[in-house]
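Residue strings, one per chain:
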Amino acid sequence: MHHANHYYGHSHVLARYCGLDDRDPPRIHGYLQHGWNIGDGMAPDHEFVPGVPLFLWSERTRRRAWSLGRRQTYVVGAPWAYLLAMEPDGPQRREGTIWYPFHGWEGQRVVGDHGRLIDEIRSVEAGPVTVCLYWQEYRSTRVRQHYERAGFRVVCHGYRGGRWRDLDPGFLHRQLAELRGHRRVASNRLCSAIYYGILAGCEPAVYGDPMQLAGEAPVWGGQPRIRRQWAQLHGPRIDRDVARELAVTELGADRLLPPVELRRLLRWPEPGADAAGPANGAARDGAAFEQATPPVAAGERPGMGVAR
Amino acid sequence: MSPGTPVRLLGDEMHAWSDLDGAHGPGPVRGTGLAALLTGAYGRTLVVGPHHPELLDTLPPADLTVLVRGLPDAEALAARYADRPGVRVCCGGPERLTTGPAYDTVVALDGLARLNSVEGAELTWGEAFELLVSVLRPGGRLLLGVENHIGLHRLLALPAGSTDSDWAALGEYDDTRPAGLARLRDRLAAAGLRIGGTWAAFPSPRAPVALLGTELLADADLTGFLQAALAVVEPARLGPVDPEPVLPGPVDPEPVLPGLADPERLAGAAIRNGAALELAPGWVLLAERRPDHGTVPVGHDTWAPAAGATPAAAVLVQEGRVRQVHPDQAGGWRFADGGAVPSGRTVEDLVVAASLRRDLPAVRALLTAWQSGVEAGVPADRLVVTPTGDWHGLAAATEPVAALRRLASRLVDAGLADLWPAGELAATLAVTAGQRPGPLVGDGDDGRVRGWRELTVDRDRLARELTEARALQRWYERTLTERDDELKRLRRIVSLLHGTPTARAGRLLLAAVRTARSAVRRPTP
């Protein structure tokens, strides 16, 4: 329905969870939240059509969206939480820190001192550091080399997808693999990646110059509000239990729907209802998951298990 | 905003939310009537929830803390009280309140439903109540507003859409919320509170214009006065609008919308049947936390506030004026300005009773006395006749024609139209009152809010009148046809007789007579 539903392969993850063909996810009849934010869950430039439902990550976001005049708001949980529910954590070795410098999105430019940020990272992180850049910054040789010269490994999870073009179903899978390879996740702003990392078992940290977008106007209170409201998630060392509780809440990992309910909400077909229905392995995975899934207590599922 | 009065951000504040502007919900609790109950506040005072700033203005400013959840509201209040160093404005969720010394007075006239922030915990009524009690020092006072979920305003309301503030509104499905006044009072007693006063709030819990104490409501002699007090047309206002309001938005009136029935009529019935307290849209309770921390066994331990701080037995807002009622030491009740509160019934009740008895002389005497006296313009439902025969108007006089029309309209709405001859009832009442027959002239708007019930009564009456009019029309047509037929028959006979020799001879004779008569009358030249 909206091209942002397919960002980061979100619709692909949900299709697989629902036992449907994740190579070509069905149309989601509504707007799916695609990133953590402190407003109504949608992107600031999102155009709304009255009557189209909003599928939001968390109950707090739903309450906030309602207070901002949104109706037909439903909590489904973040696609990331569904991915973790389907991908059990293995006994792999975790090492070092994966660091997400604040980035702009398409058409935006970040103003900040990467050199000073590198110094701050070095002063805090004891182990090896992987810096994950957004695809825009990753394509900038200057920015990439800045971090490489500091001795950091530089990666990019991929392109989040355009307007129904160049979709990348593997985005979240690559991010999950990277996060599970690291002991810590850090950024200079509290963002989706930090919550993802916490849920994937990393110890979180938020510190350093938060940088600015060129011409950035604080929306819904901006960084001062984030630092005040989520103060417990800021600093180089954060209580892991508190962090996990907050991540479960913000990602709606305690609110995941069983596949049958999710299909109903997204107005997706039942598996096998279509003659050209799912025949791949992913779809079978989803169907198998369907039989085992409880509707709640996602944190206790095998896939949500966290190495502490 | 003055740098000396910054907003204290407690956490969980709502960044772009306002309860005070009335754009996202029903607006703040408000009204000069409630201000009269705030006179008992003293010492270190806490106000939680959305209260109109003019209510806050009446509180002692030496040590006043105000908690709201929306940041714009907090900033507007901080600007308003920038020159009062004793006023602290806090913003955030109620669960963040627990630090600091206890309060002497806690005010929550809006109730506990609009304290939670979307960012924080969704406290139930019981959790929020316990929190407020916990910040009240022993001996301190709590002034609590509670909406009645089966109050008249809800019983008569049409389905309403949800507002932006209903993101998780539990309402009557909150099991921790005491259901009904009796359980509410038990709950307060169980929390160690002694109740010093209970007022029923009409016509809405958020903008009451009548606050009636339980003792006053229990006085059966005051039926007429209480009915008149609730026959309120005007919405609650707070007085003159601030020329430069600190807070934007229309917050004063709570619109009285057409509902299932005229709320005044049902309020009058509730008074007549002694059920006004149970059917009040809301209650305000004044309670004191027991100094010894103890809880009170169920049975409503009460507390009498000290002399001089006794709250009014009733507060009425009439024509923008606040009138307080206090017990009279000699028995009965008195207004604060010294006038006695009249006992007895309203003229309307007396007219209805006499009509139902078919006692036309009594009806005639009442209507004549009313319309020939100085209270002719006072609506009959707001005019009390005491047992000694004195008449007390409890509203400003309007045009007598409007008062007559209002009475007629209320009699029709009450289903009593068939006690009277058909036709315009107001004109019939005017004739019964001794006036000259004729069409009534003057403003006919009685200013009433009418609901579906009244529409149904109107529809049934009009349908009946239409059926009767059609039957009458059929009868006229049938009669007319019969007479036409008769006329035709007679004309045929006349025509037949016209050509007979007898008729011709008769006509000649008549012609001769006419000629002779004219000749005789002609004057002689």
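The shown structure was predicted, so the numbers you read here are calculated from the model rather than taken from an experiment.

Parameters at a glance
Residues numbered from 1 in each chain as written. Chains lettered and ligands numbered in written order. Predicted model: local features only at pLDDT ≥ 70, side-chain atom pairs only at ≥ 80, totals over all residues. Heavy atoms only, no water. Helix = DSSP H or I, 4+ residues; strand = E, 2+ residues; numbered from the N terminus. Buried < 20%, exposed > 50% of the residue type's maximum accessible area, 1.4 Å probe, protein only. Contact = heavy atoms within 4.5 Å. Areas by Shrake-Rupley, 256 points an atom, 1.4 Å probe, with all protein chains shown as cover. Pairing = 2+ DSSP bridges. Right-handed = clockwise from strand over helix to strand, strands pointing away. Axes fitted to C-alpha atoms, helices over the stretch in contact; angles between N-to-C directions. Buried area = accessible area lost by both parts, 1.4 Å probe. Salt bridge = Lys/Arg side-chain N within 4 Å of Asp/Glu carboxyl O. Polar contact = N/O pair within 3.5 Å; in protein donor to acceptor, adjacent residues only side chain to side chain. Nonpolar A, V, L, I, M, F, W, Y, C, P; charged D, E, K, R; others polar. Parallel < 35°, antiparallel > 145°, perpendicular 65-115°, else oblique. Left-handed = near helix turned anticlockwise from the far one by under 90°. pLDDT = per-residue confidence, 0-100. Patch = residues over 30% accessible without salt bridge, like charges linked within 9 Å, V, L, I, M, F, W, Y side chains within 5 Å. Phe/Tyr/Trp six-rings, centres within 6.5 Å; stacked < 30°, edge-to-face > 60°.

When helices and strands are tallied, chain B shows 16 helices and 15 strands. Looking at chain B residue by residue over its 525 residues, the buried ones come to 48%. Taking as baseline every contact in chain B between residues at least 6 positions apart, the subset at least 24 positions apart corresponds to 72%. Accessible surface, chain B: about 25,100 Å² in total, of which carbon and sulfur atoms supply 58%.

Residues and elements named next belong to chain B. The element strand E6 (residues 136-147) is extensively covered by neighbouring structure, given that ten of its twelve residues are classed as buried. Relative to E6, strand E5 (residues 103-108) runs parallel, the two sharing five bridges. Residue Thr105 lies in a different strand from E6, and its bridge partner there is Arg141. The handedness of the E5 to E6 crossover, carried by helix H4 (residues 125-134), is right-handed. With seven bridges joining them, E6 and strand E9 (residues 282-289) adopt antiparallel strand pairing. Counterpart to Gly145 in the pairing with E9 is Val284.

The strands that make up a sheet are held in pairs by hydrogen bonds between backbone atoms, and each pair lies either parallel or antiparallel. Residue and element names in this part refer to chain B. The strand order E1-E4-E3-E2-E5-E6-E9-E7-E8-E10-E11-E12 describes an open sheet built from twelve strands, whose pairing is mixed. In this open sheet, the two edge strands, each paired with only one partner strand, are strand E1 (8-11) and strand E12 (333-335). Averaged over all pairs of adjacent strands, the angle between their axes in this sheet comes to 20°, without regard to strand direction. As defined by bridge partners, E1 adjoins strand E4 (residues 87-92) across three bridges and the pair is classed as parallel. Its bridge partner lying in E4, Leu9 is registered against Cys91. Sitting on the sheet, helix H8 (residues 223-230) touches strand E7 (193-202), strand E8 (210-213), strand E10 (314-318), strand E11 (321-327) and E12, and the angle it makes with E8 is about 150°.

Bringing the pairing of strand E2 (residues 45-48) of chain B into the picture now. In the case of a regular strand, side chains alternate between the two sheet surfaces. All names here are of chain B. Here E2 shows a buried face lined by Thr45 and Val47 and a second buried face lined by Leu46 and Val48. Here E2 runs beside strand E3 (residues 64-68); their pairing, made up of four bridges, is parallel. If you follow Val48 over to E3, its bridge partner there is Leu67.

It is worth spelling out the interface of chain B and chain A at this point. Across the boundary between the two partners, chain B contributes 21 residues, which contact 14 residues of chain A. Summing the contributions of chain B and of chain A, the shared interface buries around 1,400 Å²; its carbon and sulfur component is 44%. Between the two partners, chain B and chain A, sit six salt bridges. Salt-bridge contacts for Arg225 of chain A lead to Glu119 of chain B; the nearest nitrogen and oxygen are separated by 2.6 Å. Counting across the chain B and chain A interface gives 13 residue pairs in polar contact (both at pLDDT 80 or more). Classifying every residue of the side of chain B that touches chain A by side-chain character gives seven nonpolar, seven polar and seven charged.

Glancing now at the side chain of Asp164 of chain B. Note on placement: Asp164 of chain B falls in the loop between helix H5 (152-155) and helix H6 (181-190). Side chain to side chain, Asp164 of chain B and His24 of chain B meet in a polar contact 3.1 Å long. Apart from residues no more than four positions distant in its own chain, Asp164 of chain B is found in contact with Trp66, Ser67, Gly69 and Arg71 of chain A together with Trp17 and His24 of chain B.

All names here are of chain B. Running from N to C, helix H11 (residues 347-356) and helix H12 (residues 360-372) cross one another at 160°; their axes reach a closest spacing of 8 Å. Considered as vectors, H11 and H12 are oriented roughly antiparallel to each other. When the axes of H11 and H12 are compared, the crossing they make is left-handed. Contacts between H11 and H12 involve Leu350, Val351, Ala354 and Ser355 from the first element and Ala362, Val363, Leu366 and Leu367 from the second. Per-class residue counts for the contact of H11 with H12 are seven nonpolar, one polar and no charged.

To continue, consider the confidence of the model for chain B. Scored by pLDDT, chain B comes out at a mean of 87, with 89% of its residues at no less than 70. Counting interchain partners and residues more than four positions distant, the pLDDT-below-50 stretch residues 233-251 of chain B has 45 contacts.

Attention now goes to H4 of chain B. All names here are of chain B. Judged by how many residues are buried, H4 sits mostly within the fold: seven of ten residues are covered. Of the residues making up H4, those classed as buried are Trp125, Gly126, Ala128, Phe129, Leu131, Leu132 and Val133. Contacts from the buried residues of H4 go to E2, E5, E6, H6, E7 and E9.

This paragraph deals with the pattern of salt bridges. The final tally for this structure, using the stated rule, is 51 salt bridges over all chains. Each of Arg60, Arg64, Arg225 and Glu250 of chain A together with Glu119 of chain B takes part in salt bridges that share partners, so that together they form one network.

So, about the confidence of the model for chain A. All names here are of chain A. Scored by pLDDT, chain A has a mean of 84; 84% of the residues are at 70 or more. Within the model, the stretch residues 275-287 combines pLDDT values under 50 with 19 contacts to residues more than four positions away or in other chains. When the criterion is pLDDT under 50, residues 291-308 qualifies, and its contacts beyond four places in sequence or with other chains add up to 44 contacts.

This part is about helix H1 (residues 10-17) of chain A. Residues and elements named next belong to chain A. In terms of burial, H1 is a largely internal element, eight of the eight residues being buried. Looking at H1, one finds that the buried residues are His10, Ser11, His12, Val13, Leu14, Ala15, Arg16 and Tyr17. Phi turns positive, to about 80°, at Gly19, one or two residues after H1.

Let's shift gears to the sheet that holds strand E6 (residues 129-132) of chain A. All names here are of chain A. Taking strand neighbours across the sheet as the criterion, the five strands line up as E7-E6-E4-E8-E9 in an open arrangement whose pairing is parallel. Every other strand in the sheet has two partners, leaving strand E7 (153-155) and strand E9 (203-206) as the edge strands with one partner each. For this sheet the average axis-to-axis angle between neighbouring strands, irrespective of direction, equals 25°. Two strands pair when backbone bridges link them, and E6 and E7 are joined in this way by three bridges, in the parallel orientation. Residue pairing for E7: Val131 is matched across the bridge by Val154.

Residue and element names in this part refer to chain B. A surface patch of nonpolar side chains, about 370 Å² in accessible area, is lined by Leu158, Leu260, Trp452 and Leu455. Of note, Leu158 is situated in the loop between H5 and H6. Residue Leu158 is classed as partly exposed on the basis of its relative accessible area of 34%.

Before going further, it helps to examine the packing of aromatic side chains. For any pair of aromatic rings, the description consists of the separation of the ring centres together with the inter-plane angle of the planes. All names here are of chain A. A complete count under the given rule lists 15 aromatic pairs over all chains for this structure. An angle of 80° between the planes, with centres 5.7 Å apart, marks the rings of Tyr31 and Phe48 as edge-to-face. Residue Tyr31 is located in strand E1 (residues 31-32), and its partner Phe48 is located in the loop between E1 and strand E2 (54-56); the two are separated by 17 residues in the primary sequence. The buried category is assigned to Tyr31, whose relative accessible area is 3%. Residue classification places Phe48 among the partly exposed positions, given a relative accessible area of 27%. When the ring of Trp36 is compared with that of Trp230, the centres are 5.1 Å apart and the planes differ by 80°; the resulting orientation is edge-to-face.

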